[in-house]
Protein chains: 2
Amino acid sequence: MSTKNKILDAADVLFANKGFNGTSLREITSQANVNLAAVNYHFGSKKELIKAVMSRYMDELSPRLESALSLICQSELKPTLHEVFSAFIGPLLYLNEFKENGTSTFLQLLGRGYTDSQGFLRWFLTTQYPDVFTNFTKAVNIAYPELSAEEIFWRLHFTMGTIVFTMSSSEALIDIAQNDFNNKLDIAGVIERVIPYVAAGVAAPIIHN
Amino acid sequence: MSTKNKILDAADVLFANKGFNGTSLREITSQANVNLAAVNYHFGSKKELIKAVMSRYMDELSPRLESALSLICQSELKPTLHEVFSAFIGPLLYLNEFKENGTSTFLQLLGRGYTDSQGFLRWFLTTQYPDVFTNFTKAVNIAYPELSAEEIFWRLHFTMGTIVFTMSSSEALIDIAQNDFNNKLDIAGVIERVIPYVAAGVAAPIIHN
DNA sequence: CGCTATTTTAAACGCATGTTTAAAATAGTC
DNA sequence: GACTATTTTAAACATGCGTTTAAAATAGCG
């Protein structure tokens, strides 16, 4: 395996578990059995490495997500919100084929990126992959047209928060749940549980003041 | 104002904006116009300072939250989930009386604590303030008794995620919303919008496989 | 005032970080 | 096989961190 890929593989596990700020280049390179200077040689800087780690996932996810959502938008019959959110399941779980524990690792990274490093990753995602957001908004608008643009905005961000935050601490939560409830669970099980939650949240009736 | 309070005031703003790992003692002490060594003299270590910052809020919030929730639990008629979640509004907004921008700062800190520093803050909160969690679970159980303990567990953590994550980026979101929708909004407005969302999420029908 | 206890201060310590350097090793090509 | 380009390596660099030290300043009190 190439040095570049060894670095990427070591980096995304460590970034997911300990955050971007919380992971040093020395940890990454020693985990990858690679010289410290290799990161700066191959990627230029730590910041560029972070972008590369995220791009590897986004480049797999983004086209699959877009086609799943546009399929829903072009459908004859009006989709339910539950169907809109379920459109995420396939593309997200595909990341597990692409890389071991790819789904949970990616979602953890997403959670890290929103809080770590002053939101520079949010800027990166919204500027590099804007279609994901607009397609998503469009699909929700078809499923629930009574919702104003502003209300969609807020509820989509609530949803992002739920997903991203849950996944960024999913390992700890799965551990607790297995201890307390004797119930085997994996990341797909968590996704199955969170979808009804966010679908109901977005579908909540509008309160007028 | 005492040196100790100057440090606490500077620390919680900086911690909220840049995270615990992302804020150095030198930033805090220079913002507070205080000598660098004062942190270690008055608090012992950076970790103890973090605990002190959180305790200042939790000691105000926790008793108010407990009494609001136990009031709901002891009521004659069965509360709705919306009422359960609304019980948080008063105690949370009270933090604004206690300290300028107290509500959003505290919620941002909460969000930081869940992702920063390997979850030591979650340990701190659950061990130091366990009643908040058990009272909350009890209230939800009364409002929606069909929900199993495990499902309550998951949905409460989804809710925590929604709230905490939204608030940790609330300032950026409020800015965007005001630009895009010409709608004046503050932290109370965000809370008003998120309550129906999480209430509907927790109230979602149970899917049986 | 004079003494003690508390607080503040400037400086340094040891350590970890991201990055750069320049030499060594390897791969690729004619 | 010799020459070049690429990659790897060990070492050092500059910087920032949390913490500690010991002296100076201040406050409290009989």
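Residues numbered from 1 in each chain as written. Chains lettered and ligands numbered in written order. Predicted model: local features only at pLDDT ≥ 70, side-chain atom pairs only at ≥ 80, totals over all residues. Heavy atoms only, no water.

Caption draft 1: Representation of the environment of Ser45 of chain B in the model. Residues and elements named next belong to chain B. With respect to the secondary-structure elements, Ser45 resides in the loop between helix H3 (38–43) and helix H4 (46–74). Between the C-alpha atom of Ser45 and that of Leu25, which follows or precedes it by 20 residues, the distance is 9.8 Å. In this structure Ser45 touches Val39 and Asn40, once residues within four positions along its chain are discounted. (Helix = DSSP H or I, 4+ residues; strand = E, 2+ residues; numbered from the N terminus. Contact = heavy atoms within 4.5 Å.)

Caption draft 2: Inspection of the environment of Lys184 of chain A at higher detail. All names here are of chain A. Assignment of secondary structure puts Lys184 in the loop between helix H11 (170–181) and helix H12 (187–202). For Lys184, a relative accessible area of 75% puts it in the exposed group. Here the alpha-carbon distance between Lys184 and Ile174, two residues 10 residues apart in the chain, equals 8.5 Å. (Buried < 20%, exposed > 50% of the residue type's maximum accessible area, 1.4 Å probe, protein only.)

Caption draft 3: Main features of helix H9 (residues 130–143) of chain A. Residues and elements named next belong to chain A. Taking 1.5 Å as the rise per residue, H9 with 14 residues should run 20 Å; its terminal C-alpha atoms sit 21 Å apart, in good agreement. Along H9, the residues classified as buried are Val132, Asn135, Phe136, Ala139, Val140 and Ala143. Along H9, the residues classed as buried sweep out an arc of 135 degrees about the axis, all on the same side. (Expected span 1.5 Å × (residues − 1). Arc of directions from axis to C-beta.)

Caption draft 4: Layout of the protein's contact with DNA strand C. Among the 15 residues in the neighbourhood of DNA strand C, the closest are listed as Leu25, Arg26 and Lys46 of chain A together with Thr3 and His42 of chain B. A breakdown of the atoms of DNA strand C within 4 Å of the protein gives sugar and phosphate a share of 48%. Contact between DNA strand C and Leu25 of chain A: a phosphate oxygen at 2.8 Å from a main-chain N or O atom of the residue. The separation between a phosphate oxygen of DNA strand C and a polar side-chain atom of His42 of chain B is 2.7 Å. Of all the secondary-structure elements, those providing two or more residues to the surface near DNA strand C are helix H2 (25–31) of chain A together with H3 of chain B. Of the residues belonging to the surface near DNA strand C, the class tally is five nonpolar, seven polar and three charged. (Near = heavy atom within 4 Å. Polar contact = N/O pair within 3.5 Å; in protein donor to acceptor, adjacent residues only side chain to side chain. Nonpolar A, V, L, I, M, F, W, Y, C, P; charged D, E, K, R; others polar.)

Caption draft 5: Summary view of the protein's contact with DNA strand D. In the vicinity of DNA strand D there are 15 residues, among which Thr3 and His42 of chain A together with Leu25, Arg26 and Lys46 of chain B approach most closely. Atoms of DNA strand D within 4 Å of the protein: sugar and phosphate make up 45%, bases the balance. Tyr41 of chain A places a polar side-chain atom, nitrogen or oxygen, 3.1 Å from a phosphate oxygen of DNA strand D. Residue Arg26 of chain B places a side-chain N or O atom 2.8 Å away from a base nitrogen belonging to DNA strand D. Secondary-structure elements contributing two or more residues to the surface near DNA strand D are helix H3 (38–43) of chain A together with helix H2 (25–31) of chain B. Among the residues making up the surface near DNA strand D, the classes are represented as five nonpolar, seven polar and three charged.

Caption draft 6: Structural view of the relation of the copies chain B and chain A. Expressed as a screw transformation, the operator carrying chain B onto chain A has a rotation angle of 180 degrees and an axial translation of 0.0 Å, and the superposed copies differ by an RMSD of 0.1 Å. Here the copies are linked by what is in effect a two-fold axis. Looking at the interface residues of chain B, 100% of them are also at the interface in chain A, so both copies use one shared face. (Least-squares fit on C-alpha atoms with pLDDT ≥ 70 in both.)

Caption draft 7: Quick look at empty space enclosed by the protein. Applying the stated rule across the entire model yields two cavities of 30 Å³ or more. In this model, the largest cavity occupies a volume close to 40 Å³. The residue inventory of the lining of the largest cavity, partitioned by class, reads four nonpolar, six polar and no charged. (1 Å grid on protein atoms, 1.4 Å probe; cavity = no way out; pocket = protein on both sides within 12 Å on 5 of 7 lines; lining within 4 Å. Points joined across faces, edges and corners; volume = space filled by probe spheres on them.)

Caption draft 8: Seen up close, the packing of aromatic side chains. In total, this model carries 18 aromatic pairs over all chains according to the counting rule given. Relative to Phe98 of chain A, the ring of Tyr57 of chain A has its centre 6.1 Å away and its plane inclined at 85 degrees; by these criteria the two rings are edge-to-face. Taken together, the residues span a long stretch of sequence, with Tyr57 of chain A in helix H4 (residues 46–74) and Phe98 of chain A in helix H6 (residues 89–98) at a distance of 41 residues. Given the relative accessible area of 0%, Tyr57 of chain A is considered buried. Through a chain of ring-to-ring contacts, the aromatic side chains of Phe153, Trp154 and Phe158 of chain A together with Phe181 and Tyr197 of chain B assemble into a single cluster. The cationic tip of Lys4 of chain A hangs over the ring face of Phe43 of chain A; the distance from NZ or CZ to the ring centre is 5.9 Å. Here Arg64 of chain B stacks its cationic end above the ring of Tyr94 of chain B, 3.6 Å away from the centre of that ring. (Phe/Tyr/Trp six-rings, centres within 6.5 Å; stacked < 30°, edge-to-face > 60°. Lys NZ or Arg CZ within 6 Å of the ring centre and 35° of its normal.)

Caption draft 9: Spatial organisation of the pattern of salt bridges. All names here are of chain A. Inspection of every chain in the model, using the stated rule, returns 16 salt bridges over all chains. Two residues, Lys18 and Glu27, come together in a salt bridge whose shortest N-O distance is 2.6 Å. Judged by its relative accessible area of 32%, Lys18 falls in the partly exposed class. For Glu60, the salt bridge identified is with Arg64, shortest N-O distance 3.2 Å. Of this pair, Glu60 and Arg64 are both found in helix H4, four residues apart, which corresponds to roughly one turn of the helix. When salt bridges with common partners are traced through the structure, they connect Asp9, Asp12, Arg56 and Lys99 into a single cluster. (Salt bridge = Lys/Arg side-chain N within 4 Å of Asp/Glu carboxyl O.)

Caption draft 10: Geometry of the packing of H4 of chain A against H6 of chain A. Residue and element names in this part refer to chain A. H6 packs onto H4 with a crossing angle of 140 degrees between their chain directions and a minimal axis gap of 9 Å. Handedness of the crossing formed by H4 with H6: right-handed. Contacts between H4 and H6 pair Arg56, Tyr57, Glu60, Leu61, Arg64, Leu65 and Ala68 from the former with Pro91, Leu92, Tyr94, Leu95 and Phe98 from the latter. Class assignment of the residues belonging to the contact of H4 with H6 gives a composition of nine nonpolar, no polar and three charged. (Axes fitted to C-alpha atoms, helices over the stretch in contact; angles between N-to-C directions. Left-handed = near helix turned anticlockwise from the far one by under 90°.)

Caption draft 11: Just the interface of chain B and chain A, in detail. Contact with chain B, which involves 44 residues of that partner, is made by 44 residues of chain A. Buried area between chain B and chain A, summed over both chains or domains, comes out near 4,000 Å², and the portion from carbon and sulfur atoms is 70%. Taken together, the links from chain B to chain A amount to four salt bridges. Across the contact surface, chain B and chain A share five residue pairs in polar contact (both at pLDDT 80 or more). Put simply, the parts of the chain that give the side of chain B that touches chain A at least two residues each are helix H1 (3–18), helix H7 (102–115), helix H10 (149–168), helix H11 (170–181) and helix H12 (187–202) of chain B. (Buried area = accessible area lost by both parts, 1.4 Å probe.)

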